[in-house]
Amino acid sequence: MKLIPCPICGERAEIEFAYGGQAGLVRPPPTATEAAWGAYLYSRENPKGALRERWRHIHGCGRFFNLTRDTVTDKFIP
Amino acid sequence: MKFTFDGRPYEARRGDTLAAALIRNGVHLMGRSFKYHRPRGVLAAGAEEPNALVEIDRGGARRTPNLRATVVEVFDGMVARSQNRTPSLRFDVGAVNDLLAPFLPPGFYYKTFMWPIGAWAKLYEPLIRRAAGLGRAPDLPDTDRYTQRFAHCDVLVIGAGPAGLAAAAEAAAAGMRVMLCDEQAEFGGSLLSDPAAAAGLHETLAALFANPRATMLCRTTAFGIYGDNLVGLAERVTDHLPDPDPALPRERLWQVRAKRIVVAAGAIERPLVFPGNDRPGIMLGDAARIFATRYGANPGRNAVVVTACDTGADVARDLAASGVRIARVIDLREGFRVTGTSGRLRVSFIGIERGGAREKIPCDLVAMCGGWTPSIHLYSQARGKPRFDAALGAFVPDTEVSNLICVGACAGDMPGAYRAGIAPVSSEGRAFVDFQNDVTAKDLELATREGFRSIEHVKRYTTTGMATDQGKTSNINALGIVAGALGATIPEIGLTTFRTPYTPVTFGTLAGHSRGDLFDPVRTTPMHQLAVAAGAVFEDVGTWKRARYFPRAAEDMHMAVARECRMVRDSVGMFDATTLGEIEVVGADAAEFMNRVYINAWTRLAPGRCRYGVMLGENGFVMDDGVVGRLAPDRFHVTTTTGGAARVLAAMEDYRQTEWPELRVWLTSVSEQWAVIAVQGPRAREALLPLVDGLDISAAVMPHMSVVEGTFLGIEMRLFRVSFSGEMGFEVNVPADYGHAAWEAISARVGACQGGLYGTEAMHVLRAEKGFIIVGQETDGTATPDDVGLAWAIGKAKPDFIGKRSLTRSGMSGPRRQLVGLRTDDPATVLEEGAQITATTDDNRPLGHVTSAYGGATVGHSIALAMIESGRDRLGATLQVRMPGRAIAVRVTAPVFYDPEGARLDA
Ligand SMILES: [Zn+2]
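Computed from a predicted structure; not experimentally measured. (Residues numbered from 1 in each chain as written. Chains lettered and ligands numbered in written order. Predicted model: local features only at pLDDT ≥ 70, side-chain atom pairs only at ≥ 80, totals over all residues. Heavy atoms only, no water.)

1. Quick notes on the overall build of chain A
Stage number 1. When its secondary structure is counted, chain A shows one helix and six strands.
Stage number 2. Secondary structure of chain A in N-to-C order comes out as β-β-β-α-β-β-β.
Stage number 3. For 78 residues, the compact-globule estimate of 2.2 N^0.38 gives 12 Å, and the C-alpha radius of gyration of chain A, at 14 Å, exceeds that figure by more than 25%.
Stage number 4. Along the first, second and third principal axes, the C-alpha atoms of chain A reach 40 × 30 × 20 Å.
Stage number 5. Considering only residue pairs separated by 6 or more positions, chain A has 45% of its internal contacts joining residues 24 or more positions apart.
Stage number 6. Working note: accessible area of chain A is about 4,500 Å², and carbon and sulfur atoms make up 55% of it.
Stage number 7. The centroid of the 11 positive side-chain charges in chain A is displaced by 4 Å from the centroid of its 8 negative side-chain charges. (Helix = DSSP H or I, 4+ residues; strand = E, 2+ residues; numbered from the N terminus. Rg over C-alpha atoms; globule rule 2.2 N^0.38 Å. Contact = heavy atoms within 4.5 Å. Areas by Shrake-Rupley, 256 points an atom, 1.4 Å probe, with all protein chains shown as cover. Lys, Arg positive; Asp, Glu negative; His and termini not counted. Charge placed at Lys NZ, Arg CZ, Asp CG, Glu CD.)

2. Quick notes on the overall build of chain B
Stage number 1. Tallying secondary structure elements over chain B gives 21 helices and 46 strands in all.
Stage number 2. Its C-alpha atoms give chain B a radius of gyration of 37 Å, clearly above 29 Å, the size a compact globule of 907 residues would have.
Stage number 3. Principal axes of the C-alpha set define a box for chain B whose edges measure 110 × 70 × 55 Å.
Stage number 4. The 907 residues of chain B split such that 57% are buried.
Stage number 5. Expressed as a percentage of contacts within chain B between residues at least 6 apart in sequence, the contacts between residues at least 24 apart total 66%.
Stage number 6. Surface accessibility of chain B: about 37,100 Å² in total, with carbon and sulfur atoms responsible for 55%.
Stage number 7. Measuring between centres, the 99 positive side-chain charges of chain B sit 4 Å from its 101 negative side-chain charges. (Buried < 20%, exposed > 50% of the residue type's maximum accessible area, 1.4 Å probe, protein only.)

3. Considerations on helix α12 (residues 475–486) of chain B
Residues and elements named next belong to chain B.
Stage number 1. Taking 1.5 Å of rise per residue, the twelve residues of α12 would be expected to cover 16 Å, and the 16 Å separating its terminal C-alpha atoms lies within 8% of that figure.
Stage number 2. The buried count for α12 comes to nine of twelve residues, which makes it a mostly enclosed element.
Stage number 3. Taken as a whole, α12 has its buried residues at N475, I476, N477, A478, L479, G480, I481, V482 and A483.
Stage number 4. Looking at the buried side of α12, the elements it contacts are β22 (372–374), β24 (394–396), β26 (432–434), α10 (441–449), α11 (455–462) and α13 (490–493).
Stage number 5. Looking at the residues trailing α12, positive phi occurs at G487, about 65°. (Expected span 1.5 Å × (residues − 1).)

4. Topic: the packing of helix α7 (residues 285–293) of chain B against helix α8 (residues 311–321) of chain B
Residue and element names in this part refer to chain B.
Stage number 1. Contact pair α7 / α8: the axes reach a minimum separation of 9 Å and the direction vectors enclose 20°. Judged on the interaxial angle alone, α8 and α7 are roughly parallel. Two packed elements cross with a definite hand, and for α7 against α8 that hand is left-handed. Together, G285, D286, A288, R289, A292 and T293 of α7 and D314, V315, D318 and L319 of α8 make up the contact between the two elements. (Axes fitted to C-alpha atoms, helices over the stretch in contact; angles between N-to-C directions. Parallel < 35°, antiparallel > 145°, perpendicular 65-115°, else oblique. Left-handed = near helix turned anticlockwise from the far one by under 90°.)

5. Side note on the interface of chain B and chain A
How big an interface is tends to be stated in terms of the accessible area lost upon association of its parts.
Stage number 1. In this complex, chain B contributes 28 residues to the contact, which on the side of chain A involves 24 residues.
Stage number 2. Both sides of the chain B and chain A interface together cover about 2,100 Å² of buried area, and 44% of this is carbon and sulfur.
Stage number 3. The partner of R27 of chain A in a salt bridge is D800 of chain B, and the shortest N-O contact between them spans 2.8 Å.
Stage number 4. Where chain B packs against chain A, one counts 13 residue pairs in polar contact (both at pLDDT 80 or more).
Stage number 5. Contributions of two or more residues to the side of chain B that touches chain A are made by β13 (251–263) and α18 (645–659) of chain B.
Stage number 6. With seven residues, the single largest contributor to the side of chain B that touches chain A is α18 of chain B. (Buried area = accessible area lost by both parts, 1.4 Å probe. Salt bridge = Lys/Arg side-chain N within 4 Å of Asp/Glu carboxyl O. Polar contact = N/O pair within 3.5 Å; in protein donor to acceptor, adjacent residues only side chain to side chain.)

6. A look at the coordination of the zinc ion
All names here are of chain A.
Stage number 1. Those protein atoms acting as donors to the zinc ion are C6 (SG), C9 (SG), H57 (ND1) and C61 (SG), and they sit at 2.0 to 2.3 Å.
Stage number 2. All donor residues of the zinc ion come from one chain, and their arrangement in sequence is C-x2-C-x47-H-x3-C.
Stage number 3. On the basis of relative accessibility, which here comes to 37%, the residue C61 falls in the partly exposed class. (Donors = N, O, S within 2.8 Å, 3.2 Å for Na, K, Ca; no water.)

7. Some points on the sheet that holds strand β35 (residues 666–669) of chain B
All names here are of chain B.
Stage number 1. The five strands lie next to each other as β32-β33-β34-β31-β35, forming an open sheet whose pairing is antiparallel. Across the chains shown, the open sheet's two edge strands, defined by having one partner strand only, are β32 (610–616) and β35. Each strand axis lies, on average, 30° off the axis of its neighbour in the sheet, ignoring direction.
Stage number 2. Sheet topology places strand β33 (residues 622–632) next to strand β34 (residues 635–640); four bridges connect them, and they run antiparallel. Counterpart to A632 in the pairing with β34 is R635. (Pairing = 2+ DSSP bridges.)

8. Things to note about the packing of aromatic side chains
Stage number 1. One pass over the structure, following the stated rule, counts 17 aromatic pairs over all chains.
Stage number 2. Taken together, a centroid distance of 5.7 Å and an interplanar angle of 10° make the contact between F724 of chain B and F772 of chain B stacked. Placement of the pair is F724 of chain B in the loop between β38 (715–721) and β39 (729–735) and F772 of chain B in the loop between α21 (760–769) and β41 (817–824), with a sequence separation of 48 residues.
Stage number 3. F772 of chain B sits in the partly exposed class, given a relative accessible area of 23%.
Stage number 4. Clustering of aromatic rings is evident, with ring pairs tying together Y19, W55 and F76 of chain A.
Stage number 5. One residue, R40 of chain B, lies across the ring of F432 of chain B, its end atom 4.8 Å from the ring centre. (Phe/Tyr/Trp six-rings, centres within 6.5 Å; stacked < 30°, edge-to-face > 60°. Lys NZ or Arg CZ within 6 Å of the ring centre and 35° of its normal.)

9. Here's the deal with a nonpolar patch on the surface
All names here are of chain B.
Stage number 1. A surface patch of nonpolar side chains, amounting to about 290 Å² of accessible area, comprises V96, L99 and L100.
Stage number 2. Tracing the chain through its elements places L100 in the loop between α2 (96–99) and α3 (108–112).
Stage number 3. Its relative accessible area of 38% is what places L100 among the partly exposed residues. (Patch = residues over 30% accessible without salt bridge, like charges linked within 9 Å, V, L, I, M, F, W, Y side chains within 5 Å.)

10. Details of the sheet that holds strand β21 (residues 365–369) of chain B
Residue and element names in this part refer to chain B.
Stage number 1. Strand order in the open sheet formed by four strands is β15-β21-β16-β17, with parallel pairing between adjacent strands. Unpaired on one side and paired on the other, β15 (282–284) and β17 (325–331) mark the two borders of the sheet. Direction aside, neighbouring strands of the sheet carry axes that sit 25° apart on average.
Stage number 2. Bridge analysis of β15 against β21 gives three bridges, and the strand direction is parallel. Opposite M283, over in β21, you have A367 as the bridge partner.
Stage number 3. Sitting on the sheet, α7 is in contact with β15 and β21, with an inclination near 90° to β15.

11. Quick notes on the nonpolar core
All names here are of chain B.
Stage number 1. Counting residues in hydrophobic clusters, the biggest one holds 71 residues, and the most contacted among them are F3, F5, L18, F291, V306 and V366.
Stage number 2. Among the elements that take part in this core, helix α1 (residues 18–24) stands out by supplying six residues, more than any other.
Stage number 3. Not counting the four nearest positions on each side in its chain, F3 is found in contact with R8, P9, Y10, E11, A12, L18, A21, L22, N25, V74, F75 and M78.
Stage number 4. Counting 45 residues, the second-largest nonpolar core is a separate cluster that includes I376, L378, Y461 and I493. (Core = buried A, V, L, I, M, F, W, Y, C linked by side-chain atoms within 4.5 Å.)

12. Describing the pattern of salt bridges
Any two side chains of opposite charge can pair if their charged atoms end up close together.
Stage number 1. Counted by the stated rule, this structure contains 61 salt bridges over all chains.
Stage number 2. Within the structure, one salt-bridge network assembled from shared partners comprises R38, R40, D98, D278, R430 and D438 of chain B.

13. Overview of the packing of helix α16 (residues 557–570) of chain B against α21 of chain B
Residue and element names in this part refer to chain B.
Stage number 1. Relative to each other, α16 and α21 sit at 55°, their axes nearing to 9 Å. Classified by the angle between their axes, α16 and α21 sit oblique to one another. In this structure, the crossing between α16 and α21 has a hand that is right-handed. The segment α16 lies against α21, with M557, V561, E564, C565, V568 and R569 engaging E761, A762, V765, L766 and E769.

14. Some words on the confidence of the model for chain B
Stage number 1. Confidence along chain B averages 94 in pLDDT terms, with 97% of residues attaining 70 or more.
Stage number 2. Here the prediction assigns the complex a pTM of 0.87, and the interface score ipTM is 0.98. (pLDDT = per-residue confidence, 0-100.)

15. What about the pairing of strand β1 (residues 2–5) of chain B?
All names here are of chain B.
Stage number 1. Burial along β1 is one-sided: F3 and F5 are buried, and none of K2 and T4, which face the opposite way, are.
Stage number 2. Pairing between β1 and strand β2 (residues 8–11): four bridges, direction antiparallel. Within β2, the residue paired with F3 across the bridge is Y10.
Stage number 3. Counting the residues between successive antiparallel strands, the hairpin from β1 to β2 contains two residues, one of them, D6, with a positive phi of roughly 50°.
Stage number 4. Inspection of the sheet shows β1 paired to strand β7 (residues 78–82) by three bridges, in the parallel sense. Within the sheet, the bridge partner assigned to F3 lies in β7 and is M78.

Printed below as a string of structure tokens:
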């Protein structure tokens, strides 16, 4: 079980967190094109390597935050 | 100490394993093999043992199968039994399988039991399980207790042999918090079978035990390494005790987060592969030495040592020192070959050959020294990549793993003389590689001839290394044979994956306290005991217990629900609605936040008024619904579905923190703060009036869809005028601690108005008669607001809300499934929820399905709701509900069956 660094609480066990998917998605305005909105809904990166992603300390302080994780080693990259 | 094995009494010494005690008593036959039922004795002296699996029976539910006799500690009065034999270990009718061996090649089951497929469950599988099996699973619930602990330390040392002890002593001396665990009953590892090491071992252990910063765990197996140096330890607390203190758990799971891990897991000796290498009395050289020197249980009187490395000389020396006659040391490096063995229940001869000269040597013990395999299981689980060390004939740790090191034999650090390479194999006859799964060298060679190339495929096809011992003694030999057969090197063949657990772990240890009532804790409302007292029949809704109906004498569910529905329609009923989720949305920008989250418009909702809110996902599909009351300009009381409460709050919090951090709004779950009692029916107001401390709840002051804060018999109250039944109704919110008292007070008043309690089933019927949807029943994650007739709720002027853009995506218009009602010709026919609907009985294209179906208590006929393609265009049409073997004709209607004008709501 991984340790995840919460910016408020410090390192805590993975079970205290909820995964939030890829970070940095920009929610398009309602005037967005069909393609842009479709990409926002369904297109996600699936890199072999560094992935910027969202986590939430849901069973702790409740804070959302972003981390970069290497999907090969499953380690967070500072 | 006394114990029995298969009913016969024996004596044991303190500290004996069952295997050691049996050997001292001259018992070598301890088990029958898995597939061929061949007689087997011990191969090893430790956790890697593949053969000697036994059952320990402590009476009742405390019967444990498949324990290795080499790790079971004898206690006074122990009852042990052998397994996989009928009727007895000495005479086992299953041994006929051994005669059939030529007909039981690898893949036999795949090749033979293929057809018909239905015979698998009924015929083949039970047959195979009986014929080739392990022990009997206990058939009573486990009565033991298991606990779990978390621990943190600077250094966790796994294995208390010489390398592990040195590491632990050094770390402790440096003032670090040390944990030292070892799977055996005593610390010391190989030092325990070296009399010369006893004094030094005693001194080292005394210092560690005296150190308050050292935690010493014996009988504790490190079974797995998980992310970021979390190690699972299984501690066996009481299994070795004759009469355990009932206050103690049977086993304890430790989840240790270690800053550094030192793996000192040692190495496992390899057997030699030659014909007849599996008879009782043929064992690993190191095991023979351990039985003789550590336990004083000589495993034979007349030994032949067969060796591929210098270990053989040491074994012969130590056995001789213990009084075992060494008939011969056969060094395979000198050109010898083992041609076979004989002896039905124990080895009596071994045959050898060199340069054409054959010889049969009488013996009652054959010690095999086939080299050493470092125990890299934990290193590999921690994602270390090992490399093949040809001189050692095994894989050793190679790539670095952060904060983990391997020391001692498991790191490949052992005397050069113990480096055997891969020993030569004599694969003629029955030369066993995997003893537990009865896989021979020939089986592996056959698999390669049949075209298997990958070691992972060979493993699955032959089942080598797939038994409960996970191939601890067999994997390297199997790799060598497959590599030889394919003309490849072992690194080319690769290594199979090491999986957790290292040795079997009980389900009890993993489950800990999470079983029975604690497996999935039940949630009950503050009024639960009153519902129990009223005779409620409960249903599970998520983790909640909800009262489904309240049967009176002789009533079945149908009758009770019909009565409860009529009661609500005619007078008044009360219902426990506490399980609904409740969220307070508070702040200067609360209305703007609500505008963005819900499809509805909230800006102009006046304080004191309520609105039915619908929430979508960004994909435009209905996610949740519920009544929202505006308590003040900056304060909304939001209700969610029972099952959706956590999901809705998580989604709201996501948008609040990450999309709209500029909004001044705060979200608080208040689901646990309020007890909610729905009072519904034409006499609801009359029932409540004396309880609300003079509050004016007349229709003029408190119309349908309004909310007011007041007091209920002096208690803080939020009173909602809302209805999910179609009748005039209220929902009384009081602080949860007062729920019980409020329920009793309302109950008395409702009774005085010829009313009573109703449950979730009547609630469902009443709402279905009104065509009110339930999210998750009418919707399935693909329904838009318009699909379920809720387009009217959309705030058309709003620039944006969650899911708005999706509602105009292509594919979201056009022929979609829409909510309609269904009527059957026979008013008594109740459709089946989930049933598919087609246009005619000749046409099998599904148009939709039944989402809700009830007897229809007050409308005089059965009712159903359905999602049907272009349903609103089909009003009046006849469709077919397809049932097994028949079809039921239905007429499509509007989804509202009762009081379509809603006049009763406004009473
Ligand atoms: Zn936190």
